Amino acid sequence: MKMKWLSQFSLVMRSSISSLKEMVEDPERMLHQLILDMENELDEVRASVAEAVADEIQMRRRAEAERVESGKWLERATSAIKRKDDSSARSALDHKLVAQTRANQYAEEYEKQRAEVSKLQHSGRDVEDTIRQARQQTTLLTARMARPPTVPTIDTPRDTGTP
């Protein structure tokens, strides 16, 4: 029983060492895996950008809606003043100030979100450039590995055919 377990353990260890050796000895495979990892990261960045853009659009709409609301309250206040209804005018002006404050807050959040979207888009382009460079390096490495090794001929004497 001990020998069987030891034999299986030994087989697993040799297999693990062989696979580790293959990974280390195969730079093309390592580069390919690196590119796959970067492509996954790029997909995540793109999803983040899409989410951030959607949030940006939503914040812009909220800010605009609050500006419109503020304008409506100003019109109501103006109408109340024309009717000489001071309490309604004050109430409308209070509502207008609250709506204007919310509009300003949403506008600030919108600007922050725009900056964040810009950063995310820039990082996405950086990842795309890195992937492109890695693919080029992989192509170069593959070409070098496929080329037969050259032997320097300077140090080797040539056989001229004469004794």
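Above this note sits the structure.
Quick caveat, the model's predicted, so the values are computed rather than measured. (Residues numbered from 1 in each chain as written. Predicted model: local features only at pLDDT ≥ 70, side-chain atom pairs only at ≥ 80, totals over all residues. Heavy atoms only, no water.)

A. Broad picture of the overall build of the chain. Helix and strand counts for the chain stand at three helices and zero strands. Tracing the chain from N to C terminus, the helices and strands come up as α-α-α. Of all intrachain contacts in the chain linking residues separated by at least 6 positions in sequence, the fraction that spans at least 24 positions is 78%. (Helix = DSSP H or I, 4+ residues; strand = E, 2+ residues; numbered from the N terminus. Contact = heavy atoms within 4.5 Å.)

B. Inspection of the pattern of salt bridges at higher detail. Per the stated rule, a full pass over the model turns up seven salt bridges. Residue R46 pairs with E128 through a salt bridge whose shortest N-O separation is 2.8 Å. One end of the pair, R46, is in helix 2 (residues 27-82); the other, E128, is in helix 3 (residues 86-146), with 82 residues separating them in the sequence. (Salt bridge = Lys/Arg side-chain N within 4 Å of Asp/Glu carboxyl O.)

C. How the structure looks around a negative patch on the surface. A grouping of D37, E41, D43 and E44 is seen on the molecular surface, where their side chains present a negatively charged patch. Locating D43 in the fold gives a position in helix 2. (Patch = residues over 30% accessible without salt bridge, like charges linked within 9 Å, V, L, I, M, F, W, Y side chains within 5 Å. Areas by Shrake-Rupley, 256 points an atom, 1.4 Å probe, with all protein chains shown as cover. Lys, Arg positive; Asp, Glu negative; His and termini not counted. Charge placed at Lys NZ, Arg CZ, Asp CG, Glu CD.)

D. Main features of the environment of T139. Mapping T139 onto the fold places it in helix 3. Spatially, the C-alpha atoms of T139 and E28 are 9.0 Å apart, while their sequence positions differ by 111 residues. Of the polar contacts made by the side chain of T139, one reaches the backbone oxygen of R135; its length is 2.9 Å. (Polar contact = N/O pair within 3.5 Å; in protein donor to acceptor, adjacent residues only side chain to side chain.)

E. Inspection of the nonpolar core at higher detail. Judged by nonpolar contacts, I35, M38, L42, V127, I131 and A134 together constitute the single largest core of six residues. Residue assignment for this core shows that the elements contributing at least two residues are helix 2 and helix 3. (Core = buried A, V, L, I, M, F, W, Y, C linked by side-chain atoms within 4.5 Å. Buried < 20%, exposed > 50% of the residue type's maximum accessible area, 1.4 Å probe, protein only.)

F. Here's a closer look at the packing of aromatic side chains. Under the criterion given, the structure shown has zero aromatic pairs. The ring of W73 has R76 lying over it, and the distance from NZ or CZ to the ring centre is 4.4 Å. (Phe/Tyr/Trp six-rings, centres within 6.5 Å; stacked < 30°, edge-to-face > 60°. Lys NZ or Arg CZ within 6 Å of the ring centre and 35° of its normal.)

G. Examining the environment of A65 more closely. Tracing the chain through its elements places A65 in helix 2. A relative accessible area of 44% places A65 in the partly exposed class. Note: C-alpha distance between A65 and A103 (38 residues apart in sequence) is 7.8 Å.

H. Broad picture of the side chain of E66. Inspection of the secondary structure puts E66 in helix 2. Excluding anything up to four places from it in sequence, E66 contacts A99, R102, A103 and Y106.

I. Layout of the packing of helix 2 against helix 3. Between helix 2 and helix 3, the least distance of the axes is 6 Å, while the angle of their chain directions is 165 degrees. The angle between the axes of helix 2 and helix 3 places the two elements in the roughly antiparallel class. Crossing of helix 2 against helix 3: the hand is left-handed. Residues of the contact of helix 2 with helix 3, tallied by class, amount to 31 nonpolar, 12 polar and 18 charged. (Axes fitted to C-alpha atoms, helices over the stretch in contact; angles between N-to-C directions. Parallel < 35°, antiparallel > 145°, perpendicular 65-115°, else oblique. Left-handed = near helix turned anticlockwise from the far one by under 90°. Nonpolar A, V, L, I, M, F, W, Y, C, P; charged D, E, K, R; others polar.)

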